[in-house]
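Listed below are the residues making up each chain.
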Amino acid sequence: MIFEGLADRLQETFKKLRGHGKLTEADVNEAMREVRMALLEADVNFKVVKEFVAKVKERAIGQDVLETLTPAQVVIKIVNEELTALMGGTQSRIMIASKPPTVIMLVGLQGAGKTTSAGKLGLAMKKQGKRPLLVAADIYRPAAIKQLQVLGEQLNIPVFAMPEGTDVVTITEKAMEQANSHINDIVIIDTAGRLHINEELMQELKSIKQHVKPHEILLVVDAMTGQDAVNVAESFNADLGLDGVILTKLDGDARGGAALSVKAVTGCPIKFVGMGEKLEALEPFYPDRMASRILG
Ligand code: GDP
């Protein structure tokens, strides 16, 4: 379960704090030392942890918090608010174009869950009454095209694909023509992934971006890779410019470091999380609910 370790550690810390009744500055400092350790153990980026603890400490020690009747409660509330802020504050939705179709380009490394997420997102859109079109633009792996076609059949969502060897610009161009003629109002492009970020991949993604001018470029990253996921997000954002992140495999991530660091490090909000292999297992990301989950 996500945040398992972190939730246990923080709940323990706050139990101790509550037991104190009236708090001194030293009590708060001790609690913040434990919060810091807990966040680092959850694999949260160290700079993020440092700033977070400083902010909470400043708020907790200032503003006469220690003079209130329930100082521990107030400190917990501050931690809750700052955790929420760290993850972006409010829910970040995807932008729906005023003139359809809305074009969503999914990018990411191989194995992150891009193709699965394309299917999941298509299903979520369909459930909202939209008419999605999935586009297979992973031209290097015929298996990836097939995988998307199988998903499309399963979900009863059309998939646009072209023969192996067709260049991505032609594929996306033709896909847009089909979307326009079939009145698809959402186009989800599944791009090629690589094992590592390289120049060739970025050039290809940039050419798709330039050509189709997507409304949303979403990076799909694997939460279980922790700070690597954050580094990948930083790189893609610098090279391509991201509108948001889909954080997959959160169901298998007991630490939660990426979920807590991505927004703070890259400025890109997490828009969706993958919570399992099933196609229904895609959820909008709510920072406040995540924070409450950590604090129990
Ligand atoms: P791609 O190479 O980025 O297109 O990755 P795939 O979509 O093929 O996914 C790689 C593997 O991750 C597959 O076995 C998926 O079932 C699995 N996967 C994707 N998203 C999730 C998720 O949110 N949770 C879990 N547990 N598995 C996922």
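Nothing here was measured: the structure is a model prediction, and the numbers come from that model. (Residues numbered from 1 in each chain as written. Predicted model: local features only at pLDDT ≥ 70, side-chain atom pairs only at ≥ 80, totals over all residues. Heavy atoms only, no water.)

### Observations concerning helix H5 (residues 114-127)
The following threshold applies: In this text, helices come from DSSP runs of H or I with a minimum length of four residues, and strands from runs of E with a minimum of two, each type numbered from the N-terminal end. A helix is expected to span 1.5 Å multiplied by its residue count minus one. Each residue is placed in one exposure class: buried if its accessible area under a 1.4 Å probe, protein chains only, is under 20% of its type's maximum, exposed if it is over 50%, and partly exposed if it falls in between.
Helix length check: H5, at 14 residues, gives a terminal C-alpha distance of 20 Å against a target of 20 Å (1.5 Å per residue), a fit within 8%. Counting buried positions over the 14 residues of H5 gives 10, a clear majority of the element. Looking one or two residues beyond H5, the residue adopting positive phi is Gly129, at roughly 90°.

### Focus on the site of the ligand
For clarity, the cut-off: Think of it this way: one heavy atom of a residue within 4 Å of a molecule or strand is enough to make that residue near it. Here a polar contact is taken to be a pair of N or O atoms separated by no more than 3.5 Å, where protein atoms must pair a possible hydrogen donor with a possible acceptor and residues adjacent in sequence count only if both atoms sit in side chains. A 1.4 Å probe that fits but cannot get out identifies a cavity on a 1 Å grid over protein atoms alone, an open set with protein on both sides within 12 Å along at least five of seven lines counts as a pocket, and a residue lines either if it has an atom within 4 Å of a point. Placement in a cavity or pocket follows one criterion, namely that more than half of the molecule's atoms lie within 2 Å of its grid points. Note that Gly is not counted as nonpolar here; it falls among the polar residues with everything else outside the nonpolar set of Ala, Val, Leu, Ile, Met, Phe, Trp, Tyr, Cys and Pro and the charged set of Asp, Glu, Lys and Arg.
Taken together, 18 residues form the shell around the ligand, and within it Gly111, Lys114, Thr116, Asp251 and Glu277 come nearest. Between the ligand and the protein, one listed contact pairs a nitrogen atom with a backbone N or O atom of Gly276 at 3.3 Å. Taking a 2 Å distance to the grid points as the criterion, the majority of the atoms of the ligand fall inside the largest pocket. No other element matches the 4 residues that H5 contributes to the shell around the ligand. Per-class residue counts for the shell around the ligand are 3 nonpolar, 9 polar and 6 charged.

### Some remarks on the UniProt feature "domain: SRP54-type proteins GTP-binding" (unreviewed entry) in the chain
Heads up, the rule is: UniProt positions are given in the numbering used here, feature names are shortened, and annotations may be inferred rather than shown by experiment.
UniProt marks residues 269-282 with the feature "domain: SRP54-type proteins GTP-binding" (unreviewed entry), using the numbering shown here. End-to-end, the C-alpha atoms of residues 269-282 are 16 Å apart, and along that stretch the chain is 0% helix and 43% strand.

### Things to note about the pairing of strand S6 (residues 244-248)
Looking along a regular strand, one sees side chains alternate from face to face of the sheet. Defined as follows: Strands qualify as paired when DSSP identifies two bridges or more between them. A clockwise course of the path from the first strand over the helix to the second, judged with the strands pointing away from the viewer, identifies a crossover as right-handed.
Taken across its 5 residues, S6 has 5 buried, putting it largely inside the fold. Residues of S6 alternate between two faces, with Gly244, Ile246 and Thr248 on one and Val245 and Leu247 on the opposite face, all of them buried. By the bridge criterion, 5 bridges tie strand S5 (residues 216-222) to S6 in an arrangement that is parallel. Along S6, the bridge assignment pairs Val221 with Leu247. With respect to chirality, the unit in which S5 leads through helix H9 (residues 227-240) into the neighbouring parallel S6 is right-handed. One ladder, built from 3 bridges, connects S6 with strand S7 (residues 270-274); its direction is parallel. For Leu247, the partnering residue across the bridge sits in S7 and is Val273.

### Notes on the confidence of the model for the chain
Note the cut-off: As a per-residue measure, pLDDT tells how confident the predictor is, with possible values from 0 to 100.
In the predicted model, the chain carries a mean pLDDT of 94, and 100% of its residues have values of at least 70. The ipTM, which scores confidence in the relative placement of chains, is 0.99 for this predicted complex, and the corresponding pTM is 0.96.

### Overview of the sheet that holds strand S4 (residues 186-191)
Where we set the bar: Should any heavy atoms of two residues lie within 4.5 Å, those residues are counted as being in contact. Axis geometry follows a simple rule: fit a line to the C-alpha atoms, using only the stretch in contact for helices, then measure angles between N-to-C directions, giving values from 0 to 180 degrees.
Here 8 strands make up an open sheet; going across it, the order is S3-S2-S4-S1-S5-S6-S7-S8 and the pairing mixed. Sheet topology places strand S3 (159-160) and strand S8 (282-284) at the edges, where each strand pairs with a single neighbour. Sitting on the sheet, helix H7 (residues 168-181) touches strand S1 (102-107), strand S2 (132-137), S3 and S4, and the angle it makes with S2 is about 165°. Sheet strands touched by helix H8 (residues 199-212): S1, S2, S4 and S5. Its angle to S1, the strand with the most contacts, is close to 175°.

### Section: the nonpolar core
The line we're drawing: For the purposes of this section, nonpolar cores are sets of buried Ala, Val, Leu, Ile, Met, Phe, Trp, Tyr and Cys residues that join through side-chain atoms within 4.5 Å.
Core analysis: the biggest nonpolar cluster contains 80 residues, and Phe236 and Leu260 have the highest contact counts within it. Of the residues forming this core, the biggest block, 7 residues, is contributed by helix H4 (residues 71-86). Beyond its immediate sequence surroundings of up to four residues, Phe236 is in contact with Val107, Gly108, Leu109, Ile197, Leu201, Met202, Leu205, Leu219, Gly241 and Leu242.

### Observations regarding the packing of aromatic side chains
Note the cut-off: Each aromatic pair joins two rings of Phe, Tyr and Trp (for Trp, the six-membered one) with centres within 6.5 Å, and gets the label stacked for planes under 30 degrees apart, edge-to-face for over 60, and tilted for any other angle. In this scheme, Lys NZ or Arg CZ marks a charge over a ring once it lies within 6 Å of the ring centre and within 35 degrees of the ring normal.
Counting across every chain of the model gives 0 aromatic pairs. Over the aromatic face of Tyr286 sits the side chain of Arg289, whose NZ or CZ is 3.7 Å from the ring centroid.

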